[in-house]
Amino acid sequence: MIVYVRGFNEPDKDLGKWAVDPLVKKLQPPANVKTHTVDWPALPGRFLDEGNRRLVEYLETEHQQQPDECFVLVGYSLGADVIQDSLGAGPHVISEGVGLQIRGIELFGNPYRKFDTPRRTPPEYTGRTVDTCNKNDLLCDPTASVEVGKACKITDLGSCVTPAHLTQTYVREGLVEKASQETACIVMTGEACSAASGASHTVVAGDTLWDLAVKTYGDGTEWPKIYEANRSTIEAAARDHGYASSRNGDLIFPGTALVVPPAT
């Protein structure tokens, strides 16, 4: 079960699909993956406690009904904070039984990386957590511009939501694909696999998936392997450039960050 916790100012349309769908594709088959979105106001302050309560209640109820069910928690922006609170930092904390069933945790744009001390994921979960922050995302990057950062207050998040924090930026920069690949590896093997997850490549003018496959595998017909590993990133880039689709990877654009799976 993949449980998604929404973030601040996130559109209701296709809520969470940008982060959940790439992970589902990597886990299924052989796993039969179900998904659930925790609905909450996604605002700071007392609303964080409400999100914390709703997530814990959902996980505990599911665990009581299906004790063998495993969970992967995915959170964006304040949703990442809700997950960390539920693991041990908040007023509502999951039971040990639920904790043992959590196989992976995926966090994007996590404000606790920068604000409120910052709070950290409890140590017993760090080996299961992929915590991703886009460079210059004011809500999670402690090294982001100080001048702009002075206007960024955790109680007034509107000033913090710059383009670097938007979900489509995380997709376009290839960070979602990288995170889902790492999380899937953790879920399936119990260990991080970033060292074996392949190289990264930023598209330049003239690149094609065929040529990348030739360079990586010695066989251009292996290009679908690269496309499938980066499908959401490639399609998002095509839409950004005014196309309905990439035509199954035929259209790739300079500046797009790709993950290139290793040769096997």
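Look above for the structure.
Residues numbered from 1 in each chain as written. Predicted model: local features only at pLDDT ≥ 70, side-chain atom pairs only at ≥ 80, totals over all residues. Heavy atoms only, no water.

(A) Representation of the nonpolar core in the model. Membership of the largest hydrophobic core comes to 26 residues, with the highest contact counts inside it found for Val3, Leu59 and Ile102. For this core, the elements supplying multiple residues, two or more each, are β1 (2-5), α2 (46-65), β3 (71-76), α3 (78-89) and β4 (102-108). Among the nonpolar cores identified, the runner-up in size contains 25 residues, and Tyr4, Ala19, Val130 and Ala179 belong to it. (Core = buried A, V, L, I, M, F, W, Y, C linked by side-chain atoms within 4.5 Å. Buried < 20%, exposed > 50% of the residue type's maximum accessible area, 1.4 Å probe, protein only. Helix = DSSP H or I, 4+ residues; strand = E, 2+ residues; numbered from the N terminus.)

(B) Examining the layout of surface pockets more closely. Taken as a whole, the largest pocket holds about 710 Å³ of empty space. Around the largest pocket, the lining is made up of 26 residues, and of these Trp18, Thr167, Gln168, Val171 and Arg239 lie nearest the centre. Of all elements in the fold, only α1 (17-27), α7 (167-172) and α11 (231-240) reach the threshold of two or more residues within the lining of the largest pocket. Looking at the lining of the largest pocket, the element that brings in the most residues is α11, giving six residues. Residue classes in the lining of the largest pocket are distributed as 10 nonpolar, five polar and 11 charged. (1 Å grid on protein atoms, 1.4 Å probe; cavity = no way out; pocket = protein on both sides within 12 Å on 5 of 7 lines; lining within 4 Å. Points joined across faces, edges and corners; volume = space filled by probe spheres on them. Nonpolar A, V, L, I, M, F, W, Y, C, P; charged D, E, K, R; others polar.)

(C) Looking closely at the packing of aromatic side chains. Inspection of every chain in the model, using the stated rule, returns five aromatic pairs. Ring geometry for Tyr243 and Phe253: centres 5.8 Å apart, planes at 35°, overall tilted. In this pair, Tyr243 sits in the loop between α11 and β7 (257-260) while Phe253 sits in the loop between α11 and β7, placing the two residues 10 residues apart along the sequence. Here a set of aromatic residues connected by ring pairs shows up, and it is made of Trp18, Tyr76, Phe108 and Tyr170. Positioned above the aromatic ring of Phe47 is the side chain of Arg46, whose terminal nitrogen or guanidinium carbon lies 4.3 Å from the ring centre. (Phe/Tyr/Trp six-rings, centres within 6.5 Å; stacked < 30°, edge-to-face > 60°. Lys NZ or Arg CZ within 6 Å of the ring centre and 35° of its normal.)

(D) Local environment of α11. Buried within α11 we find Thr233, Ile234, Glu235, Ala236, Ala237 and Ala238. Where the residues of α11 are buried, they touch α7, α8 (175-189), α9 (209-217), α10 (223-229) and β7. In the segment just after α11, Gly242 is the residue with positive phi, at about 90°. (Contact = heavy atoms within 4.5 Å.)

(E) Broad picture of the side chain of Asn134. By secondary structure assignment, the location of Asn134 is in the loop between β5 (129-132) and α6 (146-149). Residue contacts for Asn134: discarding those within four places in its chain leaves Cys140, Asp141, Ala164, Thr169, Tyr170, Glu173 and Leu175.

(F) Quick peek at the pattern of salt bridges. Inspection of every chain in the model, using the stated rule, returns 12 salt bridges. Note that Lys26 is salt-bridged to Glu177, the shortest N-O span being 2.8 Å. In this pair, Lys26 is assigned in helix α1 and Glu177 in helix α8, connecting sequence segments 151 residues apart. A salt bridge links Arg53 to Glu57, with the nearest nitrogen and oxygen atoms 2.9 Å apart. (Salt bridge = Lys/Arg side-chain N within 4 Å of Asp/Glu carboxyl O.)

(G) Here's a closer look at the side chain of Gln101. Locating Gln101 in the fold gives a position in helix α4 (residues 96-101). Residue Gln101 is classed as buried on the basis of its relative accessible area, which comes to 13%. In terms of polar contacts, Gln101 uses its side chain to reach the backbone carbonyl oxygen of Asp68, at 3.3 Å. Residues within four places of Gln101 in sequence aside, it is in contact with His63, Pro67, Asp68, Glu69, Cys70 and Phe71. (Polar contact = N/O pair within 3.5 Å; in protein donor to acceptor, adjacent residues only side chain to side chain.)

Nothing here speaks to function; it is all geometry.
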